[in-house]
Amino acid sequence: MARTKTFALSAEELEQFARDGYIGPFDLYTEEEMERNLRAIRPKLLKTKTSIYSEGQTESGNTNLAASYDRHLDVDFLAEHVARPEIVDRVSSILGPDTLCWRTELFPKYPGDEGTDWHQADNFSSVDGSKHPHIVWPEDAEFGGTVTAWTAFTEASVKNGCLQFIPGTHTSMNYDESKIMEYNPDIINQLDKDGVKRGLFGYDYRQLQKDPDWSPDESKAVSQVMRQGQFILFWSTLMHASHPHSGETDQMRLGFASRYLPTQVQVYPYSDELQEFGARASLEKYGCVLVSGEDRYGHNRFAETTVNGFRFPVR
């Protein structure tokens, strides 16, 4: 007998997600649970030697990648988190029963930090120096991009830099990810765009615009305020950004993004390393994580356990 997908989206919720490109927030942890978990994992997040991208980080400068990318592969709480049924059941009701998690990212925002620039991501080649697509859907696929579950590990408010969405913008791309964006760490926290401090971790996403005179209609933007322990789902092709951290509190905002695909999508088919944010990191120890169903295609490499031996749950 098939397992009942307890948290699957309803027909009405699926219709809303198809229309708006996002849905939520949903409760996952209580504030007390999330704060307790965050206190427990913070020392592990600071210790990057167990990260799959840690080798040669001094020589290659990939410290940021080792600290922020794919920590679900070496931190067991994050491994359990990406497979939580509250997330996976909803994601698989969108993508289908056979679903994988291909990437996670930590997004800290400290007092005074700029807002994240308006952007869309389809194949995630935009910031990769090789310009190789990170994900490749079948040619006849109805979709592109990835479904992201963004969890508020701390409170996310307008003042400390919560997400912003422009509903319904996920069906067409305003950016060409094959264009070259120049990485310049000197512009971090230095750019002003229409009166708002915005950037993309050393990149200026406007360099990818198909129409250099186009600008997003921010009058339609929605600020996604979330309490600590909630998550929201959205297509990566949705126009999204974040507010700056106003500095009115000395507490950082921390979000954790886990990204999901159906198993027929190819992950890193042309790459053996990441080249991002002025850093390089080998993909030798990388593996996708099956979170629902099974892999019927065999063109992706999978990790069944974390580096610590924790086995990833599968719905």
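Higher on the page you've got the structure.
So, how was this worked out
Residues numbered from 1 in each chain as written. Predicted model: local features only at pLDDT ≥ 70, side-chain atom pairs only at ≥ 80, totals over all residues. Heavy atoms only, no water. Core = buried A, V, L, I, M, F, W, Y, C linked by side-chain atoms within 4.5 Å. Buried < 20%, exposed > 50% of the residue type's maximum accessible area, 1.4 Å probe, protein only. Helix = DSSP H or I, 4+ residues; strand = E, 2+ residues; numbered from the N terminus. Patch = residues over 30% accessible without salt bridge, like charges linked within 9 Å, V, L, I, M, F, W, Y side chains within 5 Å. Areas by Shrake-Rupley, 256 points an atom, 1.4 Å probe, with all protein chains shown as cover. Salt bridge = Lys/Arg side-chain N within 4 Å of Asp/Glu carboxyl O. Lys, Arg positive; Asp, Glu negative; His and termini not counted. Charge placed at Lys NZ, Arg CZ, Asp CG, Glu CD. Pairing = 2+ DSSP bridges. Axes fitted to C-alpha atoms, helices over the stretch in contact; angles between N-to-C directions.

Caption draft 1: Molecular detail of the nonpolar core. In terms of nonpolar packing, the biggest core is built from 70 residues, with Tyr53, Trp102, Phe153, Leu233, Tyr260, Val267 and Tyr286 touching the most fellow members. The biggest single contributor to this core is helix α6 (residues 85–95), with 5 residues. Formed by 13 residues, the second largest nonpolar core is a distinct cluster that contains Cys162, Phe165, Met226 and Phe234.

Caption draft 2: Quick look at a negative patch on the surface. A cluster of acidic residues, Glu31, Glu32, Glu33 and Glu155, forms a negative patch on the protein surface. Residue placement: Glu31 occurs in helix α2 (residues 31–46).

Caption draft 3: Molecular detail of the pairing of strand β2 (residues 99–109). For β2, a buried count of 10 out of 11 residues is recorded, marking the element as mostly surrounded by other parts of the structure. The pairing of β2 with strand β16 (residues 289–292) spans 3 bridges and is antiparallel. The partner of Cys101 across the bridge, within β16, is Val289. Pairing of β2 with strand β12 (residues 253–262) involves 10 bridges; the strand directions are antiparallel.

Caption draft 4: Region of interest: the sheet that holds strand β9 (residues 222–224). Spatially, 3 strands are ordered β9-β6-β11 in an open sheet, and the strand pairing comes out antiparallel. Either end of the sheet is taken by a strand with one partner, and the two such strands are β9 and β11 (240–242). Looking at each pair of strands side by side, their axes are set apart by 30 degrees on average, direction ignored. Sheet analysis places strand β6 (residues 163–165) next to β11, joined by 3 bridges and oriented antiparallel.

Caption draft 5: Molecular detail of the environment of Glu35. Mapped onto the elements of the fold, Glu35 is located in helix α2. For the pair Glu35 and Thr305, spaced 270 residues apart in the sequence, the C-alpha separation amounts to 25 Å.

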